[in-house]
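Overview (structure and organization)
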Amino acid sequence: MDYLDREGYPSAAQKFASEANIQPTSSVDSIQERVAIREAIYRGDIQSAIERINELNPMLLEKDETLHFALLRLQLVELIRSCGLTSTDDPTPAINFATTELGPRAETNPQFLEDLERTMTLLMFEQKDLPPQYATLLDRKLRVDVARRVNEALFTEQVERTKTKLSLLIHLHVWAEQKFVEGNKELPAYLRFWHVLDNDNQGNDHDGMQSSGEAATMASEPAARIEEV
């Protein structure tokens with residue numbers, strides 16, 4: 001399931017989930033959105049890919065500066081490619097982009113600066129005269145590599161958000177169950193979260209949850225935490 005989800009096969013993932021009687025890891029829409037981002041990078045439309053990433057996960061590129069720089073650097077490569085690599089072509093758009101978008105980021109990061117300088121070197125040669133170590137920057141494999149990193153980051157963030165939501169839901173359930181206990185109200189056994197866990201732990205008494213450190217911690221969530229859920 002993870003493979004089908006990660007690699008962008010929504011129809012196969014849905015069918016697999018149905019036949020295996022399990023829940024899909026991601027929604028079809030989120031898988032399709034990641035596929036659209038990957039395809040945009042494959043065709044060199046990096047600006048569109050960045051906009052889609054920000055719509056799908058607004059915090060991803062802000063948190064992952066290395067990934068953001070890789071995308072911007074690829075965008076610079078595509079600009080240089082579109083400007084052409086002959087003595088009669090105008091490199092101004094690529095220079096302006098490098099100055100405004102990559103320069104400020106490279107000032108505080110030596111690796112970014114090295115990558116930027118190496119990329120700008122493309123402007124010093126005509127395409128037919130490019131040394132092998134610089135010609136690799138124009139290889140389509142760079143698009144594939146960046147697309148893979150973006151897809152992996154989006155998938156990982158999505159899985160982590162799902163885990164966080166599940167954790168918050170468990171905290172909320174245990175908190176609500178504790179309120180029932182404190183109010184001397186009877187909660188149906190099938191709704192008792194700790195009843196299920198107790199059965200797995202060789203029949204420990206449900207009332208034991210009040211003396212359990214983990215249960216007490218989960219049940220004493222601050223009001224702000226519950227409101228967040």
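Preceding block: the structure.
The sections below set out a description of the structure shown in this document. (Residues numbered from 1 in each chain as written. Predicted model: local features only at pLDDT ≥ 70, side-chain atom pairs only at ≥ 80, totals over all residues. Heavy atoms only, no water.)

Membership of the largest hydrophobic core comes to 36 residues, with the highest contact counts inside it found for I41, I53, L71, L76 and V150. Mapped by element, the contributors of at least two residues to this core are α3 (28-42), α4 (46-56), α5 (60-63), α6 (65-83), α7 (92-106), α8 (110-120) and α10 (141-182). Per-element accounting of this core gives the leading share, nine residues, to α6. With near-sequence residues (within four places) excluded, L71 lies in contact with I41, I46, I50, I53, L61, V146 and V150. Residues M1, L4, A13 and A17 belong to the second largest nonpolar core, which totals six residues. (Core = buried A, V, L, I, M, F, W, Y, C linked by side-chain atoms within 4.5 Å. Buried < 20%, exposed > 50% of the residue type's maximum accessible area, 1.4 Å probe, protein only. Helix = DSSP H or I, 4+ residues; strand = E, 2+ residues; numbered from the N terminus. Contact = heavy atoms within 4.5 Å.)

Take the side chain of T121 next. Mapping T121 onto the fold places it in the loop between α8 and α9 (132-135). For T121, the side chain forms a polar contact with the main-chain oxygen of E117, separated by 2.7 Å. (Polar contact = N/O pair within 3.5 Å; in protein donor to acceptor, adjacent residues only side chain to side chain.)

Another point: the environment of E33. Its location among the elements puts E33 in helix α3. Sequence separation of E33 and L56 is 23 residues, and the distance between their C-alpha atoms is 7.7 Å.

This next bit is on helix α2 (residues 10-20). Within α2 the residues assigned to the buried category are P10, A13 and A17. Mapping the buried residues of α2 onto a view down its axis gives an arc of 60 degrees, with all of them on the same face. Turned more than 90 degrees from where α2 packs its buried face, S11, K15, S18 and E19 sit exposed. Looking at the buried side of α2, the elements it contacts are α1 (2-7) and α3. (Arc of directions from axis to C-beta.)

Here the focus is α3. Here α3 contains 15 residues, and its C-alpha end-to-end distance of 21 Å stays within 8% of the 21 Å for a straight helix at 1.5 Å per residue. Buried within α3 we find S30, I31, R34, V35, A36, I37, R38, A40 and I41. Just downstream of α3, G44 is the residue with a positive phi angle, here 85 degrees. (Expected span 1.5 Å × (residues − 1).)

The values are spatial; any link to function lies outside them.
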